[in-house]
Amino acid sequence: MSIKNVTSEYIIAPKPFLERLTRVVSGYDQVGEPVEISVVEERPLTIYLNQQEIVTAMTIGDYPEYLALGFLRNQGMLAPDDVVTNIDYDAELEVIVVRTSKETSHEEKLKKKTRTSGCAVGTVFGDMMEGLEDVNLPDLRVRTSELYALVQKINRTPSLYLEAGAIHGTVLCEGSRPLVYMEDVGRHNAVDKIAGWMFETSEAANNKILYTTGRLTSEMVIKTALMGIPVLASRSGFTAWGVEIARQVGLTVLGRMRGQRFVCLSGEDRLVRDVELTTVPSEERKHRRKSAS
């Protein structure tokens with residue numbers, strides 16, 4: 001199947017062959033033979049909200065506008081009804097400035113930082129649980145036939161992970177259709193890019209599934225719930241706090257999704273098992289991502 005056919009359903013698909021996202025590095029293999037491999041680029045991006053410096057994130061450098069918008073939105077620094085008047089990105093200075101129509105001030109929130117378990121050392125500001133008490137996620141029914149079809153499509157999608165590794169992928173989906181596929185060195189960055197795209201396009205969240213290659217930690221659960229997405233799925237495992245929060249807010253959470261297998265630790269009553277497992281193909285080795293740890 002051609003790349004064009006695999007990615008035809010996507011609004012935004014991965015771009016694994018963009019030169020600026022990877023670099024060829026020389027080294028030696030296990031027997032001392034010289035090798036050349038592609039490795040992922042990692043560069044800083046300093047995010048400003050109006051005049052205030054917020055954070056410097058380590059990222060692969062694609063979609064800086066979505067990353068900045070999504071980060072600010074997920075940190076509660078941009079409200080759903082805030083009007084963004086301009087976004088200025090300077091690639092040389094590695095700085096992006098998001099400007100809004102009203103003045104903002106987050107000095108108190110910035111004093112409270114929590115380092116998260118994200119692979120590139122994620123950071124969240126203020127009370128991690130702030131806003132969750134107001135979350136009212138829709139009661140979205142999830143058909144296992146759509147889940148299996150979705151995972152098979154994602155696994156066949158050419159990605160930066162398959163090209164160079166050392167990266168996480170997150171996909172916004174609707175039913176069995178993958179819509180937006182973002183990758184980054186930290187799974188939190190990939191989620192923030194999707195949140196930024198949804199903020200800019202006013203995309204509805206009530207009928208969406210968020211799929212990730214990363215672990216289902218408290219941070220991932222909180223971000224998904226605050227984005228209003230009712231289903232979170234992963235090929236990796238869970239943390240106990242992540243599961244506890246998911247149950248509190250009514251988020252359907254499925255992990256360890258590989259081939260015919262998955263585990264649901266929250267929202268079991270919303271699953272519709274409408275497919276015989278014997279009809280679901282096993283996962284081919286060449287399509288495997290990170291193990292379901």
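Everything below is about the structure printed above this text.
Computed from a predicted structure; not experimentally measured.

Draft legend 1. Inspection of the sheet that holds strand β3 (residues 43–49) at higher detail. Strand order in the open sheet formed by four strands is β4-β3-β6-β5, and the pairing between neighbours is mixed. Looking at the sheet topology across the chains shown, the edges are occupied by β4 (52–59) and β5 (84–90). The sheet shows a mean angle of 20° between the axes of neighbouring strands, taken without regard to direction.

Draft legend 2. Looking closely at the pattern of salt bridges. The final tally for this structure, using the stated rule, is 13 salt bridges. Here Lys-193 and Asp-62 are joined by a salt bridge, their closest N and O atoms 2.5 Å apart. Pair noted here: Lys-193 is in helix α6 (residues 187–201) and Asp-62 is in the loop between β4 and α2 (64–74), with a separation of 131 residues, a long-range link. On the basis of relative accessible area, Asp-62 is assigned to the buried category, the value being 9%. Shared partners join several salt bridges into a network, and the residues in it are Asp-62, Asp-184 and Lys-193.

Draft legend 3. Spatial organisation of α2. With nine of its eleven residues buried, α2 lies for the most part within the structure. Of the residues trailing α2, Gly-76 is marked for its positive phi of about 75°.

Draft legend 4. A look at the environment of Ala-190. One can find Ala-190 in helix α6. Classification of Ala-190 as buried rests on a relative accessible area of 0%. Along the backbone, Ala-190 and Tyr-66 are 124 residues apart, and their C-alpha atoms lie at a distance of 9.7 Å. Those residues within four positions of Ala-190 in sequence are excluded, and the remaining contacts are His-168, Thr-170, Met-182, Glu-183 and Asp-184.

Draft legend 5. Spatial organisation of the pairing of strand β6 (residues 95–100). One ladder, built from four bridges, connects β3 with β6; its direction is parallel. Of the residues in β6, the one forming a bridge with Ile-47 is Ile-96. Two strands pair when backbone bridges link them, and β5 and β6 are joined in this way by six bridges, in the antiparallel orientation. When the sheet's bridge partners are listed, Asp-90 is paired in β6 with Val-95. Linkage of β5 to β6, two consecutive antiparallel strands, is achieved through a turn of four residues, within which Glu-94 is found at a positive phi near 60°.

Draft legend 6. Representation of the packing of helix α7 (residues 218–226) against helix α8 (residues 240–249). Running from N to C, α7 and α8 cross one another at 25°; their axes reach a closest spacing of 7 Å. As far as their axial angle goes, α8 and α7 are roughly parallel. With respect to the hand of their crossing, α7 and α8 are arranged in right-handed fashion. Of the residues in α8, those in contact with Ser-218, Val-221, Ile-222 and Ala-225 of α7 are Trp-241, Gly-242, Ile-245, Ala-246 and Val-249. Tallied by class, the residues present in the contact of α7 with α8 amount to seven nonpolar, two polar and no charged.

Draft legend 7. Seen up close, the sheet that holds strand β11 (residues 177–184). Spatially, β11-β10-β12-β13-β14-β15 is the arrangement adopted by the six strands of the open sheet, whose pairing is mixed. Either end of the sheet is taken by a strand with one partner, and the two such strands are β11 and β15 (261–266). In this sheet, neighbouring strand axes are inclined to one another by 20° on average, regardless of whether the strands run parallel or antiparallel. Here strand β13 (residues 231–234) pairs with strand β14 (residues 252–258) via three bridges, running parallel.

Draft legend 8. Looking closely at the packing of aromatic side chains. If you walk through the whole model with that rule in mind, you get three aromatic pairs. When the ring of Tyr-148 is compared with that of Phe-262, the centres are 6.2 Å apart and the planes differ by 50°; the resulting orientation is tilted. You can see Tyr-148 sitting in helix α4 (residues 144–156) and its partner Phe-262 sitting in strand β15, a full 114 residues away along the chain. Here Phe-262 falls in the buried class, since its relative accessible area comes to 18%.

Draft legend 9. Spatial organisation of the nonpolar core. With 30 residues, the main nonpolar core has Leu-172, Val-180, Ile-194, Met-198 and Leu-251 as its most contacted residues. When contributions to this core are tallied by element, the ones reaching two or more residues are β11, α6, α7 and α8. When residues in this core are grouped by element, the largest group, six residues, is from α6. For Met-198, the residues in contact, after removing those within four places along its chain, are Leu-172, Glu-203, Ala-204, Ala-205, Met-227 and Ile-229. Listed in part, the 21 residues of the second largest apolar core include Leu-147, Ile-154, Ile-209 and Met-257.

Criteria and thresholds
Residues numbered from 1 in each chain as written. Predicted model: local features only at pLDDT ≥ 70, side-chain atom pairs only at ≥ 80, totals over all residues. Heavy atoms only, no water. Pairing = 2+ DSSP bridges. Helix = DSSP H or I, 4+ residues; strand = E, 2+ residues; numbered from the N terminus. Axes fitted to C-alpha atoms, helices over the stretch in contact; angles between N-to-C directions. Salt bridge = Lys/Arg side-chain N within 4 Å of Asp/Glu carboxyl O. Buried < 20%, exposed > 50% of the residue type's maximum accessible area, 1.4 Å probe, protein only. Contact = heavy atoms within 4.5 Å. Parallel < 35°, antiparallel > 145°, perpendicular 65-115°, else oblique. Left-handed = near helix turned anticlockwise from the far one by under 90°. Nonpolar A, V, L, I, M, F, W, Y, C, P; charged D, E, K, R; others polar. Phe/Tyr/Trp six-rings, centres within 6.5 Å; stacked < 30°, edge-to-face > 60°. Core = buried A, V, L, I, M, F, W, Y, C linked by side-chain atoms within 4.5 Å.

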